[in-house]
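Residue strings, one per chain:
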Amino acid sequence: MREHLHAVLPFGLVLIALAFASERGEAHKPITSKYTYNDDVFPIVRDRCGRCHVADGIAPMSLVTYKDAYPWAESIRGELVAGHMPPWNAEDNIGAFRNRPAIAAREIDTVLTWATGGTPAGNPLHAPPEVILKREWPMGMPELVLPLPAEFEMPAGTSEETREFTVPTHTTEARRVRAVDLLPGTPAIVRHATVAIRSAPENVLAVWLPGEDPVATTNGTAFWLPAGAELLVRIHYKKSYKYEGRAMTDRSAVGLYFAPAAATQVRSWIVASPPVTEASGDRVSFNRVIDEDVEALAVYPDPALANVALQIDAVAPDGVRTPVIRVAVRPGWTRRYWFERPLALHRGSRIEVVALVNGADVLLLPSAAPTPRQPATGSPVRVTFDVVPAQTNGPK
Ligand code: HEC
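> Tell me about the overall build of the chain, residues and numbers included.
Of the regular secondary structure elements, the chain holds five helices and 22 strands. For the chain, buried positions account for 48% of its 396 residues. Of all intrachain contacts in the chain linking residues separated by at least 6 positions in sequence, the fraction that spans at least 24 positions is 82%. Accessible surface computed for the chain: about 18,800 Å², of which carbon and sulfur atoms make up 54%.

Here it is in structure tokens:
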């Protein structure tokens with residue numbers, strides 16, 4: 001019965017949308033696209049964009065119905081051409097990463113052709129089924145679920161705000177953690193989050209983004225959670241224009257996935273620049289030499305940074321240079337980049353970082369600064385590697 005209704009409803013909607021579309025606009029824009037929304041574009045946007053661009057999701061508009069998607073054609077073209085969506089922001093062909101969103105060049109081409117070729121809906125009989133925002137833990141039920149201590153209220157007049165919550169774990173012994181996830185209470189406003197250990201905030205357990213599956217440590221490695229640890233959960237809330245002027249509430253939950261006690265502890269190894277000021281110019285170079293053999297599992301820029309392009313190379317003791325990553329740190333999109341294979345760094349290797357700052361316009365996001373955005377006069381640019389001693393992280 002329910003399915004029957006679903007089949008009928010979108011069909012009606014698409015007919016209305018079609019009538020609407022041909023009334024305005026399409027007379028000016030001839031249809032040149034051989035791809036249609038119903039047959040070609042929908043499956044791509046559902047799989048590549050639909051976890052955020054869905055009703056009640058974090059993105060400003062849904063892309064999983066024709067009527068919602070086609071008015072955004074020009075914007076979709078712009079974002080795809082700029083490589084901004086789906087959000088990843090690291091250059092292809094440098095390094096290989098486990099959590100890179102999968103989107104094929106062919107898929108981008110299909111959406112671009114459709115967006116610039118008159119956005120045809122296609123056969124109404126092929127109108128896609130309704131897509132509903134999934135509200136579940138992508139990795140399955142965590143072993144420990146910790147709701148935030150209180151409901152957060154975002155007043156009608158506030159559109160962006162960062163909040164810190166202290167979440168006691170009540171664990172009685174030290175635990176190893178293979179993954180930490182966050183389940184938003186109100187997905188439409190939970191824009192970015194970090195989960196760290198309160199007593200050692202440089203130990204970031206999770207850099208959370210909407211629509212991304214958590215990544216678990218592999219090969220007998222894990223993050224370390226001291227007994228009775230308190231978590232520091234920092235959430236950046238943001239309303240899209242749809243929710244402007246509305247009071248919203250959220251009560252997200254943190255989920256912990258444990259690893260065996262014998263797991264090797266992942267440590268943070270930080271490379272930091274001297275404080276960046278106007279006088280530093282637009283190019284800040286810094287490096288650090290590693291004094292033991294390690295394997296790096298992941299790398300992430302300071303989640304408070306934005307508007308910096310980072311170029312990170314590893315220079316082995318024999319002088320061989322390996323590009324590690326090139327990443328444009330865009331506001332609200334910092335993430336942990338998990339190497340496809342652990343990156344071996346031998347004792348004596350030098351990690352070299354070049355940070356291109358827009359005329360010293362290194363921004364500290366609200367997650368770090370009390371005011372909306374501040375140029376980082378005097379803050380360092382920091383990059384953290386998650387490392388384990390070499391050899392412990394054996395073959396897959
Ligand atoms: C991880 C979640 C996520 C995914 C996946 C994603 N988007 Fe977005 N998108 C957003 C958010 C959030 C914004 C709002 C801008 C911001 O907060 O940075 C946005 C903004 C946009 C905009 C600009 C809207 C405007 O205001 O002009 C377009 C266009 C867009 N996305 C298209 C896409 C397309 C096409 C895909 C798939 C190929 C995609 N996005 C995948 C989250 C996502």
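> Pulling in residues and values, what's your account of the site of the ligand?
In the region of the ligand, 20 residues are neighbours, and Cys49, Cys52, His53, Met85 and Arg191 sit closest. In the model, a nitrogen atom of the ligand is placed 2.7 Å from a nitrogen or oxygen of the His53 side chain. Between Ser75 and the ligand, the recorded distance is 3.1 Å, taken from a side-chain N or O atom to an oxygen atom. Looking at which domains feed residues into the shell around the ligand, each of domain 1 (2–126) and domain 2 (144–264) gives three or more.

> I'd like a rundown of the nonpolar core, residues and numbers included.
Soluble globular proteins tend to pack their nonpolar side chains together in the buried interior. By size, the foremost hydrophobic cluster in this structure holds 36 residues, and its most contacted members are Leu225, Leu231, Val233, Ile235 and Tyr237. Two domains each put at least three residues into this core: domain 2 (144–264) and domain 3 (266–389). When neighbours within four sequence positions are excluded, Ile235 is seen to be in contact with Leu148, Glu161, Thr162, Arg163, Phe165, Leu182, Val190, His192, Ala193, Asp250 and Ser252. Membership of the second largest hydrophobic core comes to 33 residues, among which are Phe97, Leu305, Leu343 and Ala355.

> Run through empty space enclosed by the protein, naming residues and quoting values.
Summed over the entire model, instances satisfying the criterion amount to five cavities of 30 Å³ or more. As a volume, the largest cavity reaches approximately 180 Å³. Along its surface, the largest cavity is lined by 16 residues, and Val180, Ala206, Val207, Pro214 and Val215 are the ones closest to its centre. Looking at the lining of the largest cavity, the elements with two or more residues in it are strand 4 (175–183) and strand 6 (200–208). Here the residues of the lining of the largest cavity are counted per class, giving 10 nonpolar, one polar and five charged. Every residue lining the second largest cavity is listed: Ile197, Asn203, Val204, Leu205, Phe223, Trp224, Gln265, Val266, Arg267, Ser268, Arg336 and Asp386.

> Could you give an account of the coordination of the iron atom of the ligand, naming the residues involved and the relevant values?
All of the protein donors around the iron atom of the ligand are His53 (NE2) and Met85 (SD); their distances to the metal are 2.0 to 2.4 Å. For the iron atom of the ligand, the six donor atoms in the first shell make angles of 83 to 180° at the metal, so the coordination geometry reads as octahedral. With His53 in the loop between helix 2 (37–48) and helix 3 (66–69) and Met85 in the loop between helix 4 (73–81) and helix 5 (105–116), the pair connects residues that are 32 residues apart, well separated along the chain. Overall, Met85 belongs to the partly exposed group, its relative accessible area being 25%.

> I'd like a description of the sheet that holds strand 19 (residues 350–357), backed by residues and values.
One open sheet holds the four strands; their spatial order is 13-19-16-17, and the pairing between them is antiparallel. Edge positions in the sheet fall to strand 13 (283–289) and strand 17 (321–329), since each has one partner strand and no second. Here the average twist between neighbouring strands, direction ignored, is 15°. The pairing of strand 16 (residues 308–315) with strand 17 spans eight bridges and is classified as antiparallel. Bridge pairing in strand 17 places Val308 opposite Val329.

> Break down the environment of Met248 for me, with residues and values.
Relative to the assigned elements, Met248 resides in strand 9 (residues 248–250). The class for Met248 is buried, based on a relative accessible area of 9%. Sequence-wise, Met248 and Ala156 are 92 residues apart; in three dimensions their C-alpha atoms are separated by 7.1 Å.

> Which residues make up the packing of helix 4 against helix 5, and what values do they have?
At a minimum axis separation of 9 Å, helix 4 and helix 5 run at an interaxial angle of 145°. The way helix 4 lies across helix 5 gives a crossing that is left-handed. Only Ile108, Val111, Leu112, Trp114, Ala115 and Thr116 of helix 5 make contact with helix 4, whose side of the interface consists of Ala73, Ile76, Arg77, Leu80 and Val81. For the contact of helix 4 with helix 5, the class distribution of residues is nine nonpolar, one polar and one charged.

> Could you give me a rundown of the pattern of salt bridges, with the residues and numbers involved?
When the charged atoms of two side chains with opposite charge come close together, those side chains can pair. Under the criterion given, the structure shown has 17 salt bridges. Across the pair Glu143 and Arg178 runs a salt bridge whose closest N-O atoms are separated by 3.9 Å. Of this pair, Glu143 sits in the loop between helix 5 and strand 1 (144–147) while Arg178 sits in strand 4, and the two are 35 residues apart along the sequence. For the salt bridge of Arg267 with Glu292, the shortest nitrogen-to-oxygen distance reads 3.2 Å. Taken as a pair, Arg267 in strand 12 (residues 267–272) and Glu292 in the loop between strand 13 and strand 14 (294–301) lie far apart in primary sequence, 25 residues in all. Overall, Glu292 belongs to the partly exposed group, its relative accessible area being 29%. One network of salt bridges, in which partners are shared, links Asp313, Arg321, Arg326, Arg350 and Glu352.

Calculation rules
Counting starts from 1 at the beginning of each chain's written sequence and moves along it residue by residue. In keeping with the model being predicted, local features are shown solely for residues with a pLDDT of at least 70 and side-chain atom pairs are shown and tallied solely at 80 or more, while totals for entire chains, interfaces and linings include all residues. By convention in this description, side-chain values take in all heavy atoms of the structure and omit both hydrogens and water. Helical segments are the DSSP runs of H or I of at least four residues, strand segments are the runs of E of at least two, and each set is numbered from the N terminus. Exposed residues in this analysis have more than 50% of their type's maximum accessible area, buried residues have under 20%, and partly exposed residues fall in between, with area computed by a 1.4 Å probe over protein chains only. Residues count as neighbours in contact if any of their non-hydrogen atoms are within 4.5 Å of one another. For accessible areas, the Shrake-Rupley method is used with a probe of radius 1.4 Å. Any residue's cover is judged against the shown protein chains and nothing else. Residues are labelled near a given molecule or strand when at least one of their non-hydrogen atoms is within 4 Å of it. Under the rule applied, a polar contact is a pair of N or O atoms within 3.5 Å (in protein, one hydrogen donor and one hydrogen acceptor; residues adjacent in sequence only if both atoms are side-chain atoms). Either an automatic procedure or a domain database provided the assignment from which the domain bounds are taken. For this analysis, a nonpolar core means a set of buried residues of the types Ala, Val, Leu, Ile, Met, Phe, Trp, Tyr and Cys, connected via side-chain atoms within 4.5 Å. Of the two site types, the cavity is a set of points on a 1 Å grid over the protein atoms alone where a 1.4 Å probe fits but cannot get out, and the pocket is an open set with protein on both sides within 12 Å along at least five of seven lines, each lined by residues with an atom within 4 Å of a point. Grid points are joined across faces, edges and corners, and a volume is the space filled by probe spheres set on the points. Under this grouping Gly is polar, as are all residues other than the nonpolar Ala, Val, Leu, Ile, Met, Phe, Trp, Tyr, Cys and Pro and the charged Asp, Glu, Lys and Arg. Metal coordination here is assigned from N, O and S atoms located within 2.8 Å of the ion, or within 3.2 Å for Na, K and Ca; omission of water means that sites may look incomplete. In this scheme the shape depends on donor count and angles: four donors with every angle between 85 and 135 degrees give tetrahedral, four or six donors with opposite pairs above 155 degrees and others between 65 and 115 give square planar or octahedral in turn, and any other case is irregular. Strands pair, by our definition, only if DSSP identifies at least two bridges between them. Angular values range over 0 to 180 degrees, each being the angle between N-to-C directions of two axes fitted as lines to C-alpha atoms, with helices fitted over their stretch in contact. Crossing chirality is assigned from the near helix's rotation relative to the far helix, an anticlockwise turn below a right angle marking it left-handed and a clockwise turn marking it right-handed. For this analysis, a salt bridge means a side-chain nitrogen from Lys or Arg found within 4 Å of a carboxyl oxygen belonging to Asp or Glu.

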